[in-house]
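Secondary and tertiary structure notes
The lines below spell out each chain.
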Amino acid sequence: MEIGHYADRERRRPRLGHTGFLDCVPLFWGLARTAALLDVDLVADTPDRLARRLLAGDLDIAAVPAVTYLRHSEELLALPGIASGSDGPMMSSVLVSNVGLDELRGATVALAPAGPTSRRLAQLLLEERYGVVSRYVPGSRDPVSVLRGADAAVLFGDAALHAAVSRGRTPAGPRVYDLAGLWREWTGLPFVFAVWAVRREVARRRPVAVAAAHRGLLAARDLARAENAELAARTARWEPFDVPTLESYFGHALDYSFGARQVAGLAEFARLTGHGVPALVSGEWFPVAGDESTVA
Ligand SMILES: C=C(O[C@@H]1C=C(C(=O)O)C=C[C@H]1O)C(=O)O
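Described below are features of the structure shown in this document. (Residues numbered from 1 in each chain as written. Predicted model: local features only at pLDDT ≥ 70, side-chain atom pairs only at ≥ 80, totals over all residues. Heavy atoms only, no water.)

Let's shift gears to the site of the ligand. Near the ligand, the surroundings consist of 17 residues, among which Asp23, Ser92, Pro116, Thr117 and Ser118 are the closest. At a separation of 2.7 Å, an oxygen atom of the ligand approaches a polar side-chain atom of Ser92. Contacts to the ligand include Gly115, whose backbone N or O atom sits 3.3 Å from an oxygen atom. In isolation the ligand offers 380 Å² of accessible surface; the protein chains occlude 100% of this area. Those elements that provide at least two residues to the shell around the ligand are helix H5 (116-129) and strand E10 (191-199). Looking at side-chain class alone, the shell around the ligand contains nine nonpolar, seven polar and one charged residues. Of the domains in this structure, domain 1 (3-85 + 191-295) and domain 2 (93-187) are the two that each give at least three residues to the shell around the ligand. (Near = heavy atom within 4 Å. Polar contact = N/O pair within 3.5 Å; in protein donor to acceptor, adjacent residues only side chain to side chain. Areas by Shrake-Rupley, 256 points an atom, 1.4 Å probe, with all protein chains shown as cover. Helix = DSSP H or I, 4+ residues; strand = E, 2+ residues; numbered from the N terminus. Nonpolar A, V, L, I, M, F, W, Y, C, P; charged D, E, K, R; others polar. Domains from an automatic or database assignment.)

Have a look at this one:
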């Protein structure tokens, strides 16, 4: 009887951490429809906890906040070709505010828990683009109550999308500023909120499994893009967003590319926030999926 086989760590599916927000839904769609879902263990958690769990060895590959990746690029490698960001307004990372941005000097800004990149981007824009120094306090994830006790608040994920969509319908409410949109206007570059990262140690020990998961993610992304209308219609049955909103969010606002322009955007963010520029800028990625000679 092969009891040893059952417990063999190397046969374990790669544990893949995702945020559980709508920005990962197209990937589930593609992973399910290509059957690559059978080759990974999906684990949902908040972006900051995914990063902690990846670094602690509790996950093998995960979508981690860009700021965490920049801080830990010695332990992590980014998978090429895929990230979560946008080249213009993203809709799911926003600053909601009772006043204009240049009126936020000395004002209280509530920062969403669990989304360190959105928080850092908002602070960077306020301080460096608008010359505004505000008082930052911990915020909540509830778009309805988040402005109680604060003049403005950073939201990300589905709560931000909700705020962005409501603003279009009830223009009398608080203003909603799209953080990636403001970044794009300021720098001319796309913004990367999360990269898919693997621990270097896992990449060394299990290159074939990591390459297969990487290929699975790329194929899932491409299939979801090709089937966007159907994806939006199926998702709208369960989410508080209508089909046109989801079609536009999945198909236009979200950008899963991670090529030269996105790397330039990430490098610029690293420079402006005082992080070292990550090695991937000089071409250090996990070996590209599909190139079996580099992963055998
Ligand atoms: C804006 C989004 O990106 C999220 C924002 C993150 C951050 O601010 O650190 C991290 C992961 C992303 O999933 C979103 O999920 O909608």
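All right, on to the sheet that holds strand E8 (residues 152-156) then. On the basis of which strands lie adjacent, the open sheet formed by five strands has the order E7-E6-E8-E5-E9 and mixed pairing. Bordering the open sheet on either side are strand E7 (135-138) and strand E9 (175-178), each of which pairs with just one other strand. Each strand axis lies, on average, 25° off the axis of its neighbour in the sheet, ignoring direction. The pairing of strand E5 (residues 93-97) with E9 spans four bridges and is antiparallel. Opposite Val94, over in E9, you have Asp178 as the bridge partner. Those strands touched by H5 are E5, strand E6 (108-111), E7 and E8, and its axis lies near 140° from that of E8. (Pairing = 2+ DSSP bridges. Axes fitted to C-alpha atoms, helices over the stretch in contact; angles between N-to-C directions. Contact = heavy atoms within 4.5 Å.)

We now examine the nonpolar core. Leu95, Val195 and Trp196 are the most contacted members of the largest nonpolar core, which totals 81 residues. Counting residues per element, this core draws most heavily on E10, at seven residues. When residues of this core are assigned to domains, at least three fall in each of domain 1 (3-85 + 191-295) and domain 2 (93-187). Not counting residues within four places of it along the chain, the set of residues in contact with Leu95 comprises Leu101, Leu104, Val109, Ala152, Ala153, Val154, Arg175, Val176, Tyr177 and Leu179. Residues Val96, Val146, Ala153 and Ala160 belong to the second largest nonpolar core, which totals 11 residues. (Core = buried A, V, L, I, M, F, W, Y, C linked by side-chain atoms within 4.5 Å. Buried < 20%, exposed > 50% of the residue type's maximum accessible area, 1.4 Å probe, protein only.)

Residue placement: Ala213 occurs in helix H9 (residues 207-226). The contact partners of Ala213, leaving out residues within four places of it in the chain, are Val40 and Ile61.

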